[in-house]
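Residue-level listing of the chains:
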Amino acid sequence: MAMMTREAIREFFRRLHEANPHPQTELEYDSPYQLLVAVVLSAQATDRSVNIATRKLFAAAPTPEAMVTLGEEGIAEHIKTIGLFRNKARNTLALSRLLLERHGGEVPANREALEALPGVGRKTANVVLNTVFRQPVMAVDTHIFRVGNRTGLAPGKDVLEVEKRLMRRVPKDYLLDAHHWLILHGRYVCTARSPKCGICSVRDLCLSRDKTD
DNA sequence: ATCCCGAGGG
DNA sequence: CCCTCTGGAT
């Protein structure tokens, strides 16, 4: 499969870094707990719609204690505008209970404990480890899977393969921020349907530049 | 492999 | 109408 050279990869991230020195998530939150819930809610949903829902949800229940009091139906009422809302309401409640029972209401800082929470898989755990605890891990979501494959940055048949390739090939000094750079690039430039190659700053490095399929 | 599932874009 | 959106559990 077609793959970028290491020199092209370094230049790719050098340009994204230059354009955006301190990339951040666009999800809104005021605590590690709120980020965790927001990421759980973000599955197959735009962060825009997640933020609209979490403004209401976190106003009513900013902590795991308050979330348990709010209850599944109360949670569902606030997040009805997000897809998969019944599963997400159930997981948010169960996850909050588990945090209180096992972790004193705090978000654990290791993968095993995070993935043991209902509704939290590898991708969500990696987002929390990277965004809250500043660990150099790659959470491969729909955007990063697409950008990795399309550009030749990190091709792979599934998300785990793309993640491993990114961990091996992204320069260490870029690894901490690479997650957010790739998300933002996928969201605003390298879009799923009609990639905006005309405004792309890394077009000359891309192995699929100007292709329409 | 299938289910969950609303909103926005084209 | 169809596709996509920071997936996870069964």
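Residues numbered from 1 in each chain as written. Chains lettered and ligands numbered in written order. Predicted model: local features only at pLDDT ≥ 70, side-chain atom pairs only at ≥ 80, totals over all residues. Heavy atoms only, no water.

**Quick notes on the UniProt feature "binding site: [4Fe-4S] cluster" (unreviewed entry) in chain A**
Here comes step 1: In the numbering adopted here, UniProt assigns the feature "binding site: [4Fe-4S] cluster" (unreviewed entry) to C190, C197, C200 and C206. Taken along the chain, the residues just named run across 17 residues; in space they keep tight, none of their C-alpha pairs more than 10.5 Å apart.
Here comes step 2: Inspection of the secondary structure assignment puts C190 in the segment after α10 (172-188).
Here comes step 3: The residues contacting C190, other than those within four sequence positions of it, are R146, V147, R150, H185 and P195.
Here comes step 4: The residue C206 is located in the segment after α10 in this model.
Here comes step 5: According to the relative accessible area criterion, C206 is buried, its value standing at 10%.
Here comes step 6: Excluding residues within four positions of it along the chain, C206 makes contact with R150 and T151. (UniProt positions renumbered as here; feature names shortened; annotations may be inferred. Helix = DSSP H or I, 4+ residues; strand = E, 2+ residues; numbered from the N terminus. Contact = heavy atoms within 4.5 Å. Buried < 20%, exposed > 50% of the residue type's maximum accessible area, 1.4 Å probe, protein only.)

**Side note on the domain arrangement of chain A**
Here comes step 1: Looking at the assigned domains, one finds that chain A contains domain 1 (6-23 + 137-205) and domain 2 (32-131).
Here comes step 2: Relative placement of domain 1 and domain 2: their C-alpha centres are 26 Å apart.
Here comes step 3: Contacts between the two partners involve twelve residues from domain 1 and, on the opposite side, nine residues from domain 2.
Here comes step 4: Of the roughly 800 Å² buried between domain 1 and domain 2 on both sides combined, carbon and sulfur atoms contribute 51%.
Here comes step 5: Considering only the side of domain 1, the residues that lose the most area to domain 2 are V137, A139 and E163, jointly responsible for 46% of the buried surface there.
Here comes step 6: The tally of links from domain 1 across to domain 2 stands at two salt bridges.
Here comes step 7: For the salt bridge of R122 with E163, the shortest nitrogen-to-oxygen distance reads 2.7 Å.
Here comes step 8: Linking domain 1 to domain 2 there are five residue pairs in polar contact (both at pLDDT 80 or more). (Domains from an automatic or database assignment. Buried area = accessible area lost by both parts, 1.4 Å probe. Salt bridge = Lys/Arg side-chain N within 4 Å of Asp/Glu carboxyl O. Polar contact = N/O pair within 3.5 Å; in protein donor to acceptor, adjacent residues only side chain to side chain.)

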